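# Remarks on the overall topology
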Amino acid sequence: MAIRLSRRKITSYIAGELAAGKETTLLINQLAAFLIDSRRTKELELVVRDIEYELKNQGIVLARVTSAFDLATATQTAITHLIKEHTNAQTIELRQFIDPTVLGGVKIDLPGLQMDTTIGHRLTTLRTNLKK
Amino acid sequence: MEILRQFAAPETVNANGDLFSALGINWMMLIFQIVAFLLLVALLGKFVYPWLIKSVDERQDKINAASKAASEAQASAADAETRVEKLLKKARVEAADIVATAKIESASALAASEEKAKKRSEQIVADAQDEIQKEVIAAKIALHNETIELVALATEKVVGKVVNTKIDETLISDALKAVK
């Protein structure tokens, strides 16, 4: 009879392996196989989020950067520096997403932290605050 | 004339013995008739007259009673007529009072209903004004929200066309500086 592993143990293992430099594809395949085998595919998003938390605790930060246009290298560097200042992480991995609906500015999603300076967000805030 | 001669002739008187005989009156028969008459009178007085008198008296009493009753009835009728007249007069007065009271009550009821209708109409007008005021406020709010929405949409459209890579880089740079 298989013992049900807690999500914390799973994410801790995966994060540790990733931090140790194991092959990412192999780890992802193992995780996917485990979740399918244990019928816990619904926990996928939570597992991914927890892995990001674990990586952050180990000094590796995965940052999702959303903008309307492709970011220049200087801007990416500036964002990386900003994230390092706020998280004290040794390694920053940026994943850039292009979303024209944000109109302008940048949105940075970090584990447990978000910075949204997009024009779309500002307009949404304007709508929310001014509407009666 | 012959009869007069007989009365005048002394022989005629003498021939019959006395005057009664001359007149054709029989003493015995006369006495008998007197006795019979007296007897008849006595019998009548004894048996018939009292009964007859009694009947007459009774009849008289009845007539008197009837007369008295008629008089009483007439008096009673007059009294009744008087009472009826009084009752009619009283009834007329009461009817007049009732009519007057009814008029007063109907007037007061009319005034009360008018007052109630006036208050009701004022209440309806006030409610309608409140409703209109609420609708105006709701319309103003809706207009305000729609204006904000339109401004936001217009801003999105304008910004979407105006912002280019360079402006975006500037925006991001300013934002990062502001965060630092």
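Conventions adopted
- Residues numbered from 1 in each chain as written.
- Chains lettered and ligands numbered in written order.
- Predicted model: local features only at pLDDT ≥ 70, side-chain atom pairs only at ≥ 80, totals over all residues.
- Heavy atoms only, no water.
- Helix = DSSP H or I, 4+ residues; strand = E, 2+ residues; numbered from the N terminus.
- Buried < 20%, exposed > 50% of the residue type's maximum accessible area, 1.4 Å probe, protein only.
- Contact = heavy atoms within 4.5 Å.
- Areas by Shrake-Rupley, 256 points an atom, 1.4 Å probe, with all protein chains shown as cover.
- Pairing = 2+ DSSP bridges.
- Axes fitted to C-alpha atoms, helices over the stretch in contact; angles between N-to-C directions.
- Salt bridge = Lys/Arg side-chain N within 4 Å of Asp/Glu carboxyl O.
- Parallel < 35°, antiparallel > 145°, perpendicular 65-115°, else oblique.
- Left-handed = near helix turned anticlockwise from the far one by under 90°.
- Nonpolar A, V, L, I, M, F, W, Y, C, P; charged D, E, K, R; others polar.
- Core = buried A, V, L, I, M, F, W, Y, C linked by side-chain atoms within 4.5 Å.
- Expected span 1.5 Å × (residues − 1).
- Arc of directions from axis to C-beta.

## With respect to the overall build of chain A
Tallying secondary structure elements over chain A gives five helices and four strands in all. Reading chain A from its N terminus to its C terminus gives the helix and strand order α-α-α-β-α-β-β-β-α. Looking at the 132 residues of chain A, the share that counts as buried comes to 38%. Taking the intrachain contacts of chain A between residues at least 6 apart in sequence as the baseline, contacts between residues at least 24 apart amount to 65%. Accessible surface computed for chain A: about 8200 Å², of which carbon and sulfur atoms make up 54%.

## Details of the sheet that holds strand E2 (residues 91–98) of chain A
Residue and element names in this part refer to chain A. Here we have four strands laid out as an open sheet, ordered E2-E1-E3-E4, and mixed in their pairing. Single-partner strands in this sheet number two, and they are E2 and strand E4 (113–116). Across the sheet, the mean angle separating the axes of adjacent strands is 15° when strand polarity is ignored. Docked against the sheet, helix H4 (residues 73–87) engages strand E1 (60–67), E2, strand E3 (106–110) and E4, running at close to 130° with respect to E2.

## A word on the pattern of salt bridges
One pass over the structure, following the stated rule, counts 11 salt bridges over all chains. Between A:Arg4 and A:Glu43 there is a salt bridge, with its nearest N and O atoms 3.4 Å apart. Remark: A:Glu43 occurs in the loop between helix H2 (24–37) and helix H3 (44–57) and A:Arg4 occurs in the segment before helix H1 (7–19); sequence separation between them is 39 residues. Among the ionic pairs, B:Glu149 bridges to A:Arg127, the shortest N-O distance being 3.1 Å.

## Regarding the side chain of A:Glu17
All names here are of chain A. By secondary structure assignment, the location of Glu-17 is in helix H1. We classify Glu-17 as buried; its relative accessible area is 15%. Other than its neighbours up to four places away in sequence, Glu-17 contacts Lys-22 and Leu-27.

## Brief notes about the pairing of E4(A)
Residues and elements named next belong to chain A. As defined by bridge partners, E3 adjoins E4 across four bridges and the pair is classed as antiparallel. Paired with Asp-109 across the bridge in E4 is Gln-114. Remark: two residues form the turn of the hairpin made by E3 and E4, two consecutive strands paired antiparallel; Gly-112 in that turn has positive phi of roughly 80°.

## Digging into the packing of H1(A) against H3(A)
Residue and element names in this part refer to chain A. Viewed as axis vectors pointing N to C, H1 and H3 meet at an angle of 55°, and their least axial separation amounts to 8 Å. Between H1 and H3, the crossing angle belongs to the class labelled oblique. For the element pair H1 and H3, the recorded crossing hand is right-handed. From H1, Arg-7, Thr-11, Ser-12, Ile-14, Ala-15, Leu-18 and Ala-19 reach across to H3, where they touch Leu-46, Val-47, Asp-50, Ile-51, Glu-54 and Leu-55. For the contact of H1 with H3, the residue count by class is eight nonpolar, two polar and three charged.

## As for the nonpolar core
A:Ile79, A:Ile83, A:Ile108 and B:Leu176 are the most contacted members of the largest nonpolar core, which has 15 residues in total. Taken together, the elements giving at least two residues each to this core come down to E1, H4 and E3 of chain A together with helix H5 (165–179) of chain B. In this view, B:Leu176 contacts A:Thr75, A:Ala78, A:Ile79, A:Leu82, A:Ile108 and A:Met115; residues no more than four positions away in its chain are not counted. Among the nonpolar cores identified, the runner-up in size contains 11 residues, and A:Ile14, A:Leu31, A:Ile60 and A:Leu62 belong to it.

## Section: the packing of H1(A) against H2(A)
All names here are of chain A. Two elements in contact, H1 and H2, have axes whose closest approach is 10 Å; the angle formed by their N-to-C orientations is 165°. Classified by the angle their axes make, H1 and H2 are roughly antiparallel. When you trace H1 past H2, the crossing you get is right-handed. Residues Ile-10, Tyr-13, Ile-14, Glu-17 and Leu-18 of H1 touch H2, and the partners they reach there are Thr-24, Leu-27, Gln-30, Leu-31 and Phe-34.

## Looking at H2(A)
All names here are of chain A. Helix length check: H2 (14 residues) gives 20 Å between terminal C-alpha atoms against 20 Å at 1.5 Å per residue, within 8%. Every buried residue of H2 is accounted for by Leu-27, Leu-31 and Leu-35. Angularly, the buried residues of H2 cover 65° about the axis, an arc narrow enough to put them on a single face. When the buried face of H2 is taken as reference, the exposed residues oriented beyond 90 degrees from it are Ile-36 and Asp-37. Residue Arg-39 follows H2 closely and has a positive phi angle near 55°.

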